Amino acid sequence: AKLRDLVLQLAVRGTLVHQDPNDEPASKLLERIKAEKINRIRERDLREAEALQEITDDECPYALPRNWQWTRLGEIQIFTNGFAFQSKDYENSGVGLVRIGDIQNGEVALSDMKFINPSFLKSIDPKFQVRPGDLLIAMSGATTGKLGFNRTDETFFLNQRVGKIEAVTVAPKFAANYLATKIQENLRISSGSAIPNLSTEQINQTIFPLPPLAEQRRIVAKVEELLALCDELAARQTAAREHRTRLVHLTTAKDESAFKRHSVFCLKHSELLFDSVPALRQAILSLAVQGRLVQQDPNDEPASELIARVRK
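Calculation rules
Residues numbered from 1 in each chain as written. Predicted model: local features only at pLDDT ≥ 70, side-chain atom pairs only at ≥ 80, totals over all residues. Heavy atoms only, no water. Pairing = 2+ DSSP bridges. Helix = DSSP H or I, 4+ residues; strand = E, 2+ residues; numbered from the N terminus. Contact = heavy atoms within 4.5 Å. Axes fitted to C-alpha atoms, helices over the stretch in contact; angles between N-to-C directions. Expected span 1.5 Å × (residues − 1). Buried < 20%, exposed > 50% of the residue type's maximum accessible area, 1.4 Å probe, protein only. Arc of directions from axis to C-beta. Polar contact = N/O pair within 3.5 Å; in protein donor to acceptor, adjacent residues only side chain to side chain. Salt bridge = Lys/Arg side-chain N within 4 Å of Asp/Glu carboxyl O. Phe/Tyr/Trp six-rings, centres within 6.5 Å; stacked < 30°, edge-to-face > 60°. Parallel < 35°, antiparallel > 145°, perpendicular 65-115°, else oblique. Left-handed = near helix turned anticlockwise from the far one by under 90°.

Before going further, it helps to spend a moment on the sheet that holds strand 2 (residues 77-81). Within a sheet, each strand pairs with its neighbour through backbone hydrogen bonds, oriented either parallel or antiparallel. Taking strand neighbours across the sheet as the criterion, the six strands line up as 2-12-9-10-6-5 in an open arrangement whose pairing is mixed. The open sheet terminates on both sides in strands that have one partner only, identified here as strand 2 and strand 5 (103-104). As defined by bridge partners, strand 6 (residues 106-108) adjoins strand 10 (residues 147-149) across two bridges and the pair is classed as parallel. The residue of strand 10 that forms the bridge with Glu107 is Phe149. Against the sheet, helix 2 (residues 26-44) touches strand 2 and strand 12 (162-167), its axis set at about 40° to strand 2. Along the sheet, helix 5 (residues 172-180) contacts strand 9 (135-138), strand 10 and strand 12; its crossing angle with strand 10, the most-contacted strand, is approximately 160°.

In a regular helix each residue adds 1.5 Å, so 13 residues correspond to 18 Å; helix 9 (residues 256-268) covers 18 Å between its end C-alpha atoms and thus fits that length. Three or more residues of helix 9 are buried, namely Ala258, Phe259, His262, Ser263, Phe265 and Cys266. Projected down its long axis, helix 9 carries its buried residues within an arc of 155°, all on one side. Residues of helix 9 that are exposed and point over 90 degrees away from its buried face: Ser257, Lys260, Val264, Leu267 and Lys268. Contact partners of the buried residues in helix 9: helix 8 (213-251) and helix 10 (277-289). The backbone nitrogen of Ser257 lies 3.1 Å from a side-chain oxygen of the residue at the head of helix 9, namely Asp255.

Further remarks concern the pattern of salt bridges. Counted according to the given criterion, the structure contains 14 salt bridges. Its salt-bridge partner being Glu36, residue Arg40 comes within 2.8 Å of it at the nearest N-O pair. One end of the pair, Arg40, and the other, Glu36, are both in helix 2, four residues apart, so they sit about a helical turn from each other. You can call Arg40 buried: its relative accessible area is 18%. Note that Arg151 and Glu107 form a salt bridge whose closest N and O atoms lie 3.4 Å from each other. In this pair, Arg151 sits in the loop between strand 10 and strand 11 (156-158) while Glu107 sits in strand 6, placing the two residues 44 residues apart along the sequence. A single network of salt bridges, built from pairs that share partners, joins Glu36, Arg40, Arg44 and Glu166.

In this section: the sheet that holds strand 3 (residues 90-91). The sheet built from five strands is open, its strands ordered 3-7-4-11-8 with mixed pairing. What marks the edges here is a single partner per strand, and that holds for strand 3 and strand 8 (129-130). Across three bridges, the pairing between strand 4 (residues 95-98) and strand 7 (residues 114-116) is antiparallel. In the strand pairing of strand 7, Gly96 is matched with Phe115.

A few words on the packing of aromatic side chains. For the structure on display, the rule yields nine aromatic pairs. Look at Trp68 and Phe174: their rings are 6.2 Å apart centre to centre, the planes differ by 80°, and that puts the pair in the edge-to-face class. Within this pair, whereas Trp68 is found in the loop between helix 2 and strand 1 (69-72), its partner Phe174 is found in helix 5, the two being separated by 106 residues in sequence. In this structure, Trp68 and Phe174 share a single accessibility class: buried. Where Tyr178 meets Phe208, the ring centres are 5.3 Å apart and the plane angle is 85°; that geometry is what we call edge-to-face.

Attention now moves to the packing of helix 1 (residues 2-13) against helix 5. Close contact between helix 1 and helix 5 brings their axes to 9 Å; oriented N to C, the two are set at 120°. One element, helix 1, and the other, helix 5, form an angle in the oblique class. For helix 1 against helix 5, the interelement crossing comes out left-handed. Contact residues: Leu8, Ala11 and Val12 in helix 1; Phe174, Asn177, Tyr178 and Ala180 in helix 5.

Next up on the list: the pairing of strand 13 (residues 207-210). A regular strand places its side chains so that they alternate between the two faces of the sheet. In strand 13, alternate side chains face the same way, and those of Ile207 and Pro209 on one face and Phe208 and Leu210 on the other are all buried. Two strands pair when backbone bridges link them, and strand 1 and strand 13 are joined in this way by four bridges, in the antiparallel orientation. Within strand 13, the residue paired with Trp70 across the bridge is Pro209.

The next point concerns unusual backbone geometry. Residues other than glycine seldom take positive phi values, yet Asp45 does so here, at roughly 55°. Examined against the element boundaries, Asp45 turns out to sit in the loop between helix 2 and strand 1. Positive phi, close to 70°, is recorded for Arg161, a residue that is not glycine. Relative to the helices and strands, Arg161 resides in the loop between strand 11 and strand 12.

Next up, the structure:
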């Protein structure tokens, strides 16, 4: 977990991949973003967000690379808060409804999803639709700030207290990487009330480190590569824990059948022995004094005769 956090922190600080001086600087990208955002708002007849505050030096937590620029999240995205569907509208089939609890492990989960009659598609503003690839954020509850992509091929409805972040000419996965580093801060911000709660204004006012678009793509690729390695490491650690458990079972086996069963497992996964050196040392010593480490030779002097000689 700490390694994953480190990868994300390096990514959003501009120290994970190299900077290319030939990339379009963030200042010019921001101009294009503002123009594109205005066009989208006009095309969809959306209400413009309230004016954003100027960024002060005190707000900037660290220095950015030369071609990057601090901006506010509201400058580079169009944010939509969900529609207040009523529980009486829930049905057993239809169009899925994304609620806070449906954002799990970085994506929209279908296991406990509720459904809304498809007729709502005609009566509700299309902005409340969650299309494939959309990025969502939980805005209240114990998981405030939790993020998830719609990785399915389906379109859903957006429920209240779930926000949709539409990044404008910004790599959505880079935006998600940065916001993932802000989850704990968002929880602190939202913890003033009985139910943790983030407002649209708070989200729009969040400062955002904007890199050149080409560098965003390089960062996303590197983050995915490194987090995949983290997944491999986590799987290896889980297997190593199982191996340590089996070593304990090996040394406490009550009969020969159990001993053989656990020893076969340990030998089959012997590459994990070096992940469990302390447990392996203990197992070796335990097996040694139990008479299970080397073969017995029937020609050896029996221990009863040895004890008689010892006493003499």
